[in-house]
Amino acid sequence: MKGLILVGGFGTRLRPLTFSKPKPLVEFCNKAMVLHQIEALAAVGVSEVVLAVNYQPHIIEQFLAKESDKLGIKITTSLEDEPMGTAGPLKVAEKHLNDGEPFFVLNSDVTCDFPFQAMIDFHKKTGAEGTLLVTKVTDPSKFGVILYDEGGKINQFVEKPQHFVGDRINAGIYLLSPGVFDRIELRPTSIEKEVFPIMAKESTLFCMELPGFWADVGQPADFRSGTALNLASLRESAPDTLASGEPIEGNVMVAPDAVIGKGCRIGPDVVVGPGCIVGDGVRLVRSTLLGGSRIGSNSYVADSIVGWSSKVGEWARLCNGCVLGEDVSIKSEVCASGATVLPHKSVSADIMSPKIVL
Ligand code: GDD
Ligand code: MG
């Protein structure tokens with residue numbers, strides 16, 4: 001079996017992190033986003049994953065070359081000359097993907113427990129041309145909304161509806177039979193607007209309800225809430241991957257080589273990346289520290305993402321959705337609330353309301 005991951009777009013909503021690396025390579029719970037997906041595909045026997053990219057292919061290729069050997073799975077990139085949307089890339093990659101078998105298609109910014117084997121079984125059982133995963137959300141307006149019957153047959157697919165249609169949405173994970181290639185032309189095309197609605201009308205599109213959590217982690221607030229959901233899921237499925245002991249509260253992941261000082265309180269919903277150094281008396285809550293970042297003694301970091309190799313001084317305070325790019329410096333005793341700080345910048349005065357530091 002094969003799989004295609006849609007990796008296009010510039011990741012603008014995850015800036016300033018995506019100034020330093022393409023979105024799929026940004027670490028989510030200490031693992032590149034796309035690796036969560038590739039590992040899960042490899043686990044159900046997918047032998048080749050095609051990444052449909054329209055920018056920075058070399059960085060992605062270099063990173064994945066190493067992983068490909070480790071996982072024993074072939075990873076190739078399919079480069080578009082112009083953005084081909086969410087269906088066009090399937091046509092571009094048809095010769096890699098089409099081996100006569102159903103194949104997986106994934107949006108690169110979604111995460112869940114990836115129930116791929118259950119999808120394969122369901123797809124066989126229904127004889128569908130396409131099987132989508134469906135999940136429930138509170139604000140369906142920014143998603144593709146799905147109406148379906150008890151057996152999972154989709155009657156209607158409405159992308160980004162203007163008015164309320166329903167609260168079950170497309171989770172961005174598909175298993176498609178090769179017949180779908182005949183529905184797509186070699187031009188920029190939206191699978192959600194131009195392909196799925198027709199398949200729904202022809203009753204060949206089915207959906208399977210996603211058990212467990214789901215998150216679209218393509219922007220900072222969702223990245224943080226998705227982290228909490230993913231850690232909670234790991235608590236059930238792989239508790240050994242979470243930290244325990246004295247300074248830890250709730251679900252926390254700490255890279256093996258990270259250093260945590262004395263008298264800290266860490267958690268819940270915290271990820272500390274590889275090579276991070278956390279000083280004494282630090283309080284971390286609902287935050288991610290990306291690799292190599294350092295938090296000075298007695299600082300407080302809540303609801304924030306600290307970029308790679310950034311440095312927060314002593315007695316500093318980050319809260320309310322701060323996102324620091326790579327190599328940012330927050331001086332000692334500075335208080336930042338809702339600050340987005342671009343890579344290599346230094347902040348030496350308080351920021352009391354949401355602001356972008358250029
Ligand atoms: N290769 C390539 N080329 N990939 C692209 C392109 C392109 O031109 N445009 C978008 N993508 C990729 C994105 O990187 C992402 O992985 C995926 O296609 C979906 O695009 P988004 O821009 O993230 O779409 P969305 O989040 O607004 O909506 C989609 O995802 C929702 C779930 O998160 C839709 O599939 C919705 O129906 C769905 O509910
Ligand atoms: Mg998205």
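A quick note: this is a predicted structure, and the numbers were derived from the prediction, not measured.

**Brief notes about the pairing of strand S5 (residues 74–79)**
1) Next: Two elements, strand S4 (residues 48–53) and S5, share 6 bridges in a ladder whose sense is parallel. Within the sheet, the bridge partner assigned to Val-49 lies in S5 and is Ile-75.
2) Next: At this point the chain moves from S4, through helix H2 (residues 57–71), to the parallel S5, and the crossover so formed is right-handed.

**Let's talk about the packing of aromatic side chains**
1) Next: Tallied over the full model, the rule gives 7 aromatic pairs.
2) Next: Ring centres 4.9 Å apart and planes at 15° place the aromatic pair Phe-103 and Phe-181 in the stacked group. You can see Phe-103 sitting in strand S6 (residues 103–107) and its partner Phe-181 sitting in the loop between strand S11 (168–176) and helix H6 (191–201), a full 78 residues away along the chain.
3) Next: With relative accessibility at 0%, the residue Phe-103 sits in the buried group.
4) Next: In this structure Phe-181 comes out as buried when scored by relative accessible area, which is 1%.
5) Next: With centroids separated by 5.6 Å and ring planes inclined at 75°, the aromatic side chains of Phe-143 and Trp-214 adopt a geometry described as edge-to-face.

**Regarding the UniProt feature "domain: Nucleotidyl transferase" (unreviewed entry) in the protein**
1) Next: Mapped onto the present numbering, the UniProt feature "domain: Nucleotidyl transferase" (unreviewed entry) falls at residues 2–226.
2) Next: Across residues 2–226 one finds 28% helix and 28% strand; the C-alpha atoms that close the span lie 27 Å apart.

Conventions and cut-offs
Residues numbered from 1 in each chain as written. Chains lettered and ligands numbered in written order. Predicted model: local features only at pLDDT ≥ 70, side-chain atom pairs only at ≥ 80, totals over all residues. Heavy atoms only, no water. Pairing = 2+ DSSP bridges. Helix = DSSP H or I, 4+ residues; strand = E, 2+ residues; numbered from the N terminus. Right-handed = clockwise from strand over helix to strand, strands pointing away. Phe/Tyr/Trp six-rings, centres within 6.5 Å; stacked < 30°, edge-to-face > 60°. Buried < 20%, exposed > 50% of the residue type's maximum accessible area, 1.4 Å probe, protein only. UniProt positions renumbered as here; feature names shortened; annotations may be inferred.

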